[in-house]
Amino acid sequence: MSCRIDLRHDQTSSLIEASSVPGVIICAPSWLNEALDLLTKKLNGVTFQVHDNSYDSSSSSTIIEEFVISTSSPLTLRTLQMIARCEPRNVTGVINKIHYTPAGLSDETIYAIRDLVRQCIIVALDETTHYGGYPSGQRESQIGPVYIVDLAGLQFQQSHNTGRLVLSKDRLPEGLLDDFIYEKVVGEKRNTFQEIEAEKHQHEAQSRYTKYMYYRSGKMVKAYFDTKAYRRFVTNDVILTGIAVNEVASENGHLLNFKFLKYGTGYFAGELIEHLEPHILPGVLDGLEILFSDYKPETIKSIEFPFYREDTRSHARLEHLSSKYKIPYRFSTDDALKNTTKSEGLVTAVTNCGDPHAAFGNEMDFGSVDATIAENLKSKGNILCPCLNKCILQKFISIQIN
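Since the structure is predicted, the reported quantities are computational estimates derived from the model, not experimental observations.

The rules behind these values
Residues numbered from 1 in each chain as written. Predicted model: local features only at pLDDT ≥ 70, side-chain atom pairs only at ≥ 80, totals over all residues. Heavy atoms only, no water. Phe/Tyr/Trp six-rings, centres within 6.5 Å; stacked < 30°, edge-to-face > 60°. Helix = DSSP H or I, 4+ residues; strand = E, 2+ residues; numbered from the N terminus. Buried < 20%, exposed > 50% of the residue type's maximum accessible area, 1.4 Å probe, protein only. Pairing = 2+ DSSP bridges. Axes fitted to C-alpha atoms, helices over the stretch in contact; angles between N-to-C directions. Patch = residues over 30% accessible without salt bridge, like charges linked within 9 Å, V, L, I, M, F, W, Y side chains within 5 Å. Areas by Shrake-Rupley, 256 points an atom, 1.4 Å probe, with all protein chains shown as cover. Salt bridge = Lys/Arg side-chain N within 4 Å of Asp/Glu carboxyl O. Contact = heavy atoms within 4.5 Å. Core = buried A, V, L, I, M, F, W, Y, C linked by side-chain atoms within 4.5 Å.

(A) Fine view of the packing of aromatic side chains. In this structure the tally under the stated criterion is 12 aromatic pairs. Summarising the aromatic geometry, the rings of Phe 193 and Tyr 224 are spaced 5.8 Å apart at their centres and angled 50° between planes, so their arrangement reads as tilted. Remark: Tyr 224 occurs in strand 9 (residues 219–226) and Phe 193 occurs in helix 6 (residues 193–199); sequence separation between them is 31 residues. The buried category is assigned to Tyr 224, whose relative accessible area is 4%. Seen from their ring centres, Tyr 329 and Phe 331 are 6.2 Å apart, and the 85° between their planes marks the pair as edge-to-face. When its relative accessible area of 24% is taken as the criterion, Phe 331 is described as partly exposed. The rings of Phe 305, Tyr 308, Tyr 329 and Phe 331 are connected pair by pair, giving a single aromatic cluster.

(B) Seen up close, the sheet that holds strand 5 (residues 121–132). In space, the 8 strands of this open sheet follow the order 12-11-10-13-6-5-2-14, with mixed pairing throughout. Edge positions in the sheet fall to strand 12 (329–332) and strand 14 (393–397), since each of these pairs with one other strand and no more. Sheet twist, expressed as the mean angle between neighbouring strand axes with direction ignored, is 30°. As defined by bridge partners, strand 2 (residues 25–29) adjoins strand 5 across 3 bridges and the pair is classed as antiparallel. From the neighbouring strand, Ile 25 faces strand 5, where its bridge partner is Val 123.

(C) How the structure looks around a nonpolar patch on the surface. A cluster of nonpolar side chains, contributed by Met 213, Tyr 215 and Met 220, occupies part of the molecular surface with about 360 Å² of accessible area. We classify Met 220 as partly exposed; its relative accessible area is 49%.

(D) Quick look at the environment of Ala 229. For Ala 229, the location among the structural elements is in helix 8 (residues 227–252). Look at Ala 229 and you get buried, because its relative accessible area is 0%. Note: C-alpha distance between Ala 229 and Leu 388 (159 residues apart in sequence) is 35 Å. Non-local contacts of Ala 229, meaning those with residues more than four positions away in its chain, are made with Val 166, Tyr 182 and Val 186.

(E) Structural context of the pairing of strand 2. The element strand 2 is largely enclosed, with a buried count of 5 among its 5 residues. What you see with strand 2 is no split at all: Ile 25, Cys 27 and Pro 29 on one side and Ile 26 and Ala 28 on the other are buried throughout. Across 5 bridges, strand 2 lies against strand 14 in parallel orientation. Within strand 14, the position partnered with Cys 27 by the bridge is Lys 395.

(F) A look at the nonpolar core. Counting 118 residues, the largest nonpolar core has Leu 288 and Phe 305 as its most contacted members. For this core, the leading source of residues is helix 8, giving 12 residues. With residues near it in sequence (within four places) discarded, Leu 288 still touches Val 238, Phe 258, Ile 303, Phe 305 and Leu 321. Counting 5 residues, the second-largest nonpolar core is a separate cluster that includes Phe 193, Ile 196, Ala 205 and Tyr 224.

(G) Region of the structure containing the sheet that holds strand 4 (residues 63–68). Taken together, the 3 strands give an open sheet; going across it, the order is 1-3-4, and neighbouring strands pair in mixed fashion. Each edge of the open sheet is held by one strand with a lone partner, namely strand 1 (3–6) and strand 4. Taking the axes of each pair of neighbouring strands and ignoring which way they run, one obtains an average angle of 25° across the sheet. Bridge analysis of strand 1 against strand 3 (residues 47–51) gives 4 bridges, and the strand direction is parallel.

Next up, the structure:
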């Protein structure tokens, strides 16, 4: 039997021809190539089938694509996206493991699949039809180009979600590549819960690890949130996104207003919601400082921070960045897709708040930022779906953080 991949719940194979457009690219940090090799060995011989959505309950679904992972046909960024984001929708973070049951994949392998896809982005030039709509459904018409970067934040809804990589708990679920990913992103060995407990009175540990309480087995127990690691994951995402969107926009001759959304701080935050807010903006600023100093993205001419909370220290850092690189910035409460710099001749480039379990757009309609962004695009996000876009490319990008 084969493992099952479902299209997003509203998609069918009839969209393949219109969605197979050039210029859409999956990007990942270069170290992920090594991770794909490690995961290929675990998935060697496993068959995956992409199922069409059928609206006729009397008929079985049609197989629209089939592939086997092997050492001679290893995982690619496209097939990783397909086997990870294989659910028709997911708003809870609970992994529907039935998709992998035929291969008997271990939980550790399934977690690694979702962990790795979170490290990837998909970049596409699309067109808006509207902006707004979340959560009311009331939106405004707007026709114009927009760069979409499909990016998932760390997720804390369930104990096995990707956010566990920056948490330390007793009996925390583990993935096959937890330590590998942590060391590649954070640049150091990951401390265990017991090691943090032993060092908790030291100044460095007190400033780095935030203690919080969570409910387990009928009682409240202690855990730690690794703020340094969280900021480093955000930093890497900002750099990867900035490099990728700059390259694509440069090819098209566009200048950009760059919006990096507060991904993962809403539904995804779960019990960590109050702890993420103080660290999301500093992590973004860490990334922007490295992006402009080391990679010099010439197409990014303005930066916008929708719904961020500015503090005194962040203001000082942004003033320095703006002055040094002649980049204006603004904090706003404007919709992610609203072109706030059209009069300046800039095209919006914006991240979404993607999901590692389902394709861009997820549940659709206007129930989330991810869904609303997809609803307001001409393609409905279909061109960013690797199961539909047969022309999608991949690229590994080297990122160095000292």
